[in-house]
Amino acid sequence: IIVAIDSNEFIKATSILESLDPNLCLVKIGSVSFSSMGKIFLRLASQKGFRIFLDLKFHDIPNTVYESITSFNDCAIDMLTVHLSGGEQMLVQAKKAAKEINSKVIGVSMLTSLNKDDSVTLFDSSIDNQIKRLFLLAKKINLDGVVCSPHELEMASHILGSNFLKITPGIREKKVNDDQVR
């Protein structure tokens, strides 16, 4: 289980950490909490014994992604995310940088807030075809895993096999009013 710490308030984020057992979960620190609390919060979570899933979804030119990832050499990051749509060279540099900081690279296939019309507009492709191409790229680069919609787990298992980690965001028991589409 990966618990999202999506607060930009230090006291609230810290209280969430206090309520969790680091032996039972990882914590996801994404752009909301990282932008407001930075490495201080990463270090705090690590000091409390949590493994960290840094979900910043790196997506830039290869050298910038490399430099951005290696800038975390003073933090214990178990896994970090990159957008698969950043391309082969960016992913190669991300993997190289992650190895230097002893982290796994998890490729984000396509944001789960995007629907079939968005896929056609952005990628001139159906969601299934676009996801398949991105999974094949993740496999080619030999990333450690992917983040995808639960609807795409079967395809991920088929294309990537059992050695790839497969992470799905926010599986819910009931319908909630948010921006998740898939």
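Look above for the structure.
Residues numbered from 1 in each chain as written. Predicted model: local features only at pLDDT ≥ 70, side-chain atom pairs only at ≥ 80, totals over all residues. Heavy atoms only, no water.

A. Spatial organisation of the side chain of serine 125. Looking at where serine 125 falls in the secondary structure, it is placed in the loop between α5 (116-123) and α6 (127-141). By relative accessible area, serine 125 is classed as buried at 6%. Among the polar contacts listed, one links the side chain of serine 125 to the backbone nitrogen of glutamine 130, at a separation of 3.4 Å. (Helix = DSSP H or I, 4+ residues; strand = E, 2+ residues; numbered from the N terminus. Buried < 20%, exposed > 50% of the residue type's maximum accessible area, 1.4 Å probe, protein only. Polar contact = N/O pair within 3.5 Å; in protein donor to acceptor, adjacent residues only side chain to side chain.)

B. Region of the structure containing the packing of aromatic side chains. If you walk through the whole model with that rule in mind, you get 3 aromatic pairs. Consider the rings of phenylalanine 34 and phenylalanine 72, whose centres lie 5.6 Å apart with planes at 55°: the pair is tilted. One end of the pair, phenylalanine 34, is in helix α2 (residues 31-47); the other, phenylalanine 72, is in the loop between α3 (62-70) and β4 (79-83), with 38 residues separating them in the sequence. Accessibility expressed as a relative area gives 5% for phenylalanine 72, which makes it buried. (Phe/Tyr/Trp six-rings, centres within 6.5 Å; stacked < 30°, edge-to-face > 60°.)

C. Layout of the packing of α5 against α6. At a minimum axis distance of 9 Å, the contact between α5 and α6 shows a crossing angle of 60°. In this view, α5 runs oblique relative to α6, as classed from their interaxial angle. Between α5 and α6, the contacting residues are Lys116, Ser119 and Phe123 on the first element and Ile127, Gln130 and Arg133 on the second. For the contact of α5 with α6, the per-class residue count stands at 2 nonpolar, 2 polar and 2 charged. (Axes fitted to C-alpha atoms, helices over the stretch in contact; angles between N-to-C directions. Parallel < 35°, antiparallel > 145°, perpendicular 65-115°, else oblique. Contact = heavy atoms within 4.5 Å. Nonpolar A, V, L, I, M, F, W, Y, C, P; charged D, E, K, R; others polar.)

D. Main features of α3. Every buried residue belonging to α3 is among Val65, Tyr66, Ile69 and Thr70, and all of these are buried. Projected down its long axis, α3 shows its buried positions confined to an angular sector of 125°, all on one face. Contacts made by the buried residues of α3 are with β3 (52-58), β4 and α4 (88-100). (Arc of directions from axis to C-beta.)

E. A look at a nonpolar patch on the surface. Taken together, the side chains of Phe10, Ile11 and Ile40 make up a nonpolar region of the molecular surface, amounting to roughly 360 Å² of accessible area. Of note, phenylalanine 10 is situated in helix α1 (residues 10-18). (Patch = residues over 30% accessible without salt bridge, like charges linked within 9 Å, V, L, I, M, F, W, Y side chains within 5 Å. Areas by Shrake-Rupley, 256 points an atom, 1.4 Å probe, with all protein chains shown as cover. Salt bridge = Lys/Arg side-chain N within 4 Å of Asp/Glu carboxyl O.)

F. Region of the structure containing unusual backbone geometry. Positive phi, close to 60°, is recorded for asparagine 102, a residue that is not glycine. Summarising the element assignment, asparagine 102 is placed in the loop between α4 and β5 (104-108). Phi at asparagine 142 is positive, roughly 65°, even though this residue is not glycine. The topology assignment puts asparagine 142 in the loop between α6 and β6 (145-147). The exposure class of asparagine 142 is partly exposed, given its relative accessible area of 46%.

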